[in-house]
Amino acid sequence: MVQSEADDLIEYGFRRVIITITCVLCAMLEVVDTTIVNVALNNMRGSLGATLTDVAWVITAYAIANVIIIPMTSWLSQQFGRRNYFAVSIIIFTVSSFLCGNATNIWELVAFRFIQGLGGGALLVTAQTIVTESYPLAKRGMAQAIYGMGVIVGPTLGPPLGGYIVDRFSWPYIFYINIPIGIIATLLTLSFIKSPKYGAKLKANQVDWWGIVFLTAFIGSLQFVLEHGQQDDWFNNSVIVTLSIVSFFGLLFFIWRELTYEHPIVNLRVLKDSNLRIGTVMCFILGFGLYGSTFIIPIYTQSILGWSATDAGLLLIPSSITTGVMMPFIGKMIQKGVPQAYLVAAGFFIFFVFTYWMHLVITPDSGVEHMYWPLILRGIGLGLLFVPITTLSLSTLSGKHIGEGAAFTGMMRQLGGSFGIAIITTYIARINQEHRVNLIGYLDNTSFEVQQRVHQLQMGFMSKGYAMNEALSKAYKTLEMMVTQQAAVLTFSDIFLYLGYLFLFCIPFILLVKKGKSNINPADAMH
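The present account deals with the structure reproduced in this document. Along each chain, residues carry numbers from 1 onward, in the same order as the chain's sequence is written. This being a predicted model, a pLDDT of at least 70 is required before a residue's local features are given, and a value of 80 or more before pairs of side-chain atoms are given or counted; all residues contribute to the totals for chains, interfaces and linings. Only hydrogens and water are set aside when side-chain values are computed; all heavy atoms of the structure are taken into account.

Considerations on the state of the cysteines
Two cysteine sulfurs form what is called a disulfide whenever their separation falls within 2.5 Å. All told, the structure shown has zero disulfides when counted by the stated rule. Unpaired in terms of disulfides, C23 finds its nearest cysteine sulfur in C26, a separation of 6.5 Å. In this model C506 remains outside any disulfide bridge; the closest cysteine sulfur is found in C283, 12 Å from its own.

Laid out in structure tokens, this is it:
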């Protein structure tokens, strides 16, 4: 019965092409919107009269809504029918995009971004299930690969596209571009996508309302703590301490509720599967590496090398194209029965080589030519990680457990990204000071090299018409700036090295994974 239902969902020819394009487009819309806003924050601050802390909420609200909705998508699809749920999510996303563009103050924008995130999280997860179920079993690896191209390329398309739109037009247009795509996607969804026949809907009094409350308290508070921890000085801030406690108890009550309630909103028992447990940890680390490196490279190129937002974004595009090109080949390899564990181990090792190479090449005056090949390696590593980790996590699950397991992999990837960015921003702030103090220790006034350098700088300023004392003061300021810049470069260099060690550390654990079915039926990697 279940098998014949699954067969009913398989599409061929023109219909399958249309469904695939619709789903990949929706997934890309969601992922691009996560990063496109980053380059427009300054313009938003100016036109809405907001502080830097206030405007950070534009990113935080979207991330919190995303991470709350992702674990619930499997349940919501069953409750409302997948096609209806998917279409409504696109409509919510599109309408809230229009409202974001029309926001008149910062808190209006934050509220609409939260609603946009609730629609967006569903797009990402449901799109993957629809794509996977539209392909016959033997081609599921390829389905994952096609979907993966959208999800991996999306975060890197955001910053250059956002930079271009903000430079040529104004910030509301980064939201308005979603509208025509959303309308087309809604019409295609209603025309072509089918809903599987699930079990009976739950009555309102059977719904796990407390589960939803505890999940929201746990994930929402955790996401806030991660996004605002560094700027609010972590546990010296009463709000951060309170929300950390709320998050901890939210988690405890959530686990208790889901294990004891008859109709849990998230089925935790699926984590008994050892491959899924290892896979969720790997997804967390993949999120850490993917979002962490996408976050740190633009910061380094803009703050140290002085590049524009558009140039910083464009630097990552060859890496994303490499990943996109790799995906179909990886899909083919999985179909031919190459063990996913070996592909993942190779991916982690290549990612280590990328981070170590970046650790060696970044200086205060590195150019594109120094970073091009390491970033191509990053693209190869991500290609080897994304599809195999997802299929590996779900390879020993069956039936509706696959969708439930996939919600975990999706949530952990998002949380991995949030942890990565929180840890990296904290590290930049704390270790930067340490490096600066160490470097200043080498600047001995009695040293011949230091005196010579100050003299050269002083002469340079005097040749531009400055008086002797003023030129000397400017020479010391320049030296101070050079020290600050070198300290920042050393900090970024350290971050790349530690990210590399994290990936290297994972390789032995990957090889412990039991071999699952490589022709997995992932109704699947919902995320």
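Brief notes about the environment of L504
Going along the chain from the N terminus, every DSSP run of H or I of four or more residues is numbered as a helix, and every run of E of two or more is numbered as a strand. Along the chain, L504 falls in helix α20 (residues 468-510). Only protein chains enter the accessibility calculation, which uses a 1.4 Å probe; a residue is then buried when its area is under 20% of its type maximum, exposed when over 50%, and partly exposed in between. Of the residues examined, L504 reaches a relative accessible area of 33% and is grouped as partly exposed. Spatially, the C-alpha atom of L504 lies 8.5 Å from that of F351, the residues being 153 residues apart in sequence. Leave out the neighbours within four places in its chain, and L504 touches F349 and F352. Any pair of residues with heavy atoms lying within 4.5 Å of one another is described as a contacting pair.

Structural notes on the pattern of salt bridges
Two side chains bearing opposite charge may form a pair once their charged atoms approach each other closely. Only one rule defines a salt bridge in this text: a Lys or Arg side-chain nitrogen within 4 Å of an Asp or Glu carboxyl oxygen. Counted according to the given criterion, the structure contains two salt bridges. The shortest N-O distance in the salt bridge between D33 and R113 comes to 3.6 Å. Remark: R113 occurs in helix α7 (residues 106-133) and D33 occurs in helix α2 (residues 13-35); sequence separation between them is 80 residues. With a closest N to O distance of 2.4 Å, E480 and R436 form a salt bridge. Pair noted here: E480 is in helix α20 and R436 is in helix α18 (residues 401-441), with a separation of 44 residues, a long-range link. For E480, a relative accessible area of 39% gives the class partly exposed. Residue classification places R436 among the partly exposed residues on the basis of a relative accessible area of 22%.

Points about the side chain of S89
For S89, the location among the structural elements is in helix α6 (residues 82-101). Classification of S89 by relative accessible area gives buried; the value is 4%. Filtering out sequence-adjacent residues up to four positions away, S89 remains in contact with G119, A122 and L123.

Quick notes on the packing of aromatic side chains
Stacked, edge-to-face and tilted are the three classes for Phe, Tyr and Trp ring pairs, Trp counted by its six-membered ring, which pair at centre distances within 6.5 Å; planes under 30 degrees apart are stacked, over 60 edge-to-face, the rest tilted. One pass over the full model with this rule turns up 15 aromatic pairs. Taken together, a centroid distance of 6.3 Å and an interplanar angle of 90° make the contact between W171 and F175 edge-to-face. There is no split in this pair, since W171 and F175 are both buried. Members of the aromatic cluster, joined through ring pairs, are F348, F351, F354, F496 and F503. Sitting over the face of the ring of Y62, R113 holds its NZ or CZ atom 4.1 Å from the ring centroid. Whether a charge sits over a ring comes down to the Lys NZ or Arg CZ being within 6 Å of the ring centre and within 35 degrees of the ring normal.

Remarks on helix α13 (residues 274-303)
Expected span of a helix: the number of residues minus one, times 1.5 Å. Across its 30 residues, α13 extends 43 Å between first and last C-alpha, which sits within 8% of the 44 Å expected from 1.5 Å per residue. Of all 30 residues making up α13, 22 are buried, and the element is well covered by its neighbours.

With respect to the nonpolar core
By size, the foremost hydrophobic cluster in this structure holds 78 residues, and its most contacted members are F86, I297 and F348. Among the elements that make up this core, the one with the highest residue count is α13 (eleven residues). Contacts of I297, omitting those with residues within four sequence positions, involve L315, L316, F354, M358, L375 and F496. Core analysis: the next-biggest nonpolar cluster, separate from the first, contains 35 residues, I64, I68, F214 and L415 among them. As used in this record, nonpolar core signifies buried Ala, Val, Leu, Ile, Met, Phe, Trp, Tyr and Cys residues forming a set joined through side-chain atoms within 4.5 Å.

Looking at the environment of Q458
Summarising the element assignment, Q458 is placed in helix α19 (residues 448-463). Judged by relative accessible area, Q458 falls into the buried class, the value being 9%. When the C-alpha atoms of Q458 and S97 are compared, they prove to be 54 Å apart, with 361 residues separating the residues in sequence. The contacts of Q458, once residues within four sequence positions are left out, are M468, A471, L472 and A475.

Quick word on the packing of α13 against helix α17 (residues 368-394)
Axis definition: a line fitted to C-alpha atoms, over the contacting stretch in the case of helices. Angles run 0 to 180 degrees between N-to-C directions. At their nearest, the axes of α13 and α17 sit 9 Å apart, and the two run at 155° to each other. Accordingly, the angle class assigned to the pair α13 and α17 is roughly antiparallel. Between α13 and α17 lies a crossing of left-handed hand. Taken together, the residues of α17 that come into contact with α13 (itself represented by N275, L276, G279, M282, C283, L286, L290, S293, T294, I297, Y300 and T301) are M371, L375, R378, L382, L385, F386, I389, L392, S393 and L394. Under the scheme applied, nonpolar residues are Ala, Val, Leu, Ile, Met, Phe, Trp, Tyr, Cys and Pro; charged residues are Asp, Glu, Lys and Arg; polar residues are all the others, including Gly. A per-class count over the contact of α13 with α17 returns 15 nonpolar, six polar and one charged. Throughout this description, any angle smaller than 35 degrees is read as roughly parallel, any larger than 145 degrees as roughly antiparallel, any in the 65 to 115 degree range as roughly perpendicular, and the remainder as oblique. Note: crossing handedness is left-handed where the near helix turns anticlockwise from the far helix by less than a right angle, and right-handed where it turns clockwise.

Topic: helix α10 (residues 178-192)
A rise of 1.5 Å per residue sets the reference length of α10, with its 15 residues, at 21 Å; its end C-alpha atoms lie 21 Å apart and thus fit the reference within 8%. N178, G182, A185, T186, T189 and F192 are the residues of α10 that are buried. Buried residues of α10 fall within an arc of 160° about the axis and therefore sit on the same side. Those residues of α10 that are exposed and angled more than 90 degrees off the buried face are L187 and S191. Throughout, the arc means the angular range of directions from the helix axis out to the C-beta atoms.

Description of a nonpolar patch on the surface
Residues I245, F248, F249, L252, F253 and W256 make up a contiguous nonpolar surface patch of about 630 Å² in total accessible area. The residue F253 is located in helix α12 (residues 238-260) in this model. Without a salt bridge and with relative accessible area above 30%, a residue can belong to a patch; like charges are then joined within 9 Å and nonpolar side chains (Val, Leu, Ile, Met, Phe, Trp, Tyr) within 5 Å. All accessible-area figures derive from a Shrake-Rupley calculation using a 1.4 Å probe, and residue coverage is judged against the displayed protein chains alone.

Quick word on the side chain of S366
Along the polypeptide, S366 turns up in the loop between α16 (340-361) and α17. Residue class for S366 comes out buried when judged on its relative accessible area of 6%. For this analysis, a polar contact is any N or O atom pair within 3.5 Å, provided that within protein one partner can donate a hydrogen and the other can accept it, and provided that sequence-adjacent residues contribute only side-chain to side-chain pairs. A distance of 2.8 Å separates a polar atom in the side chain of S366 from the backbone oxygen of V361. Those residues in contact with S366 that sit more than four places away from it in its chain are Y300, L305 and V361.

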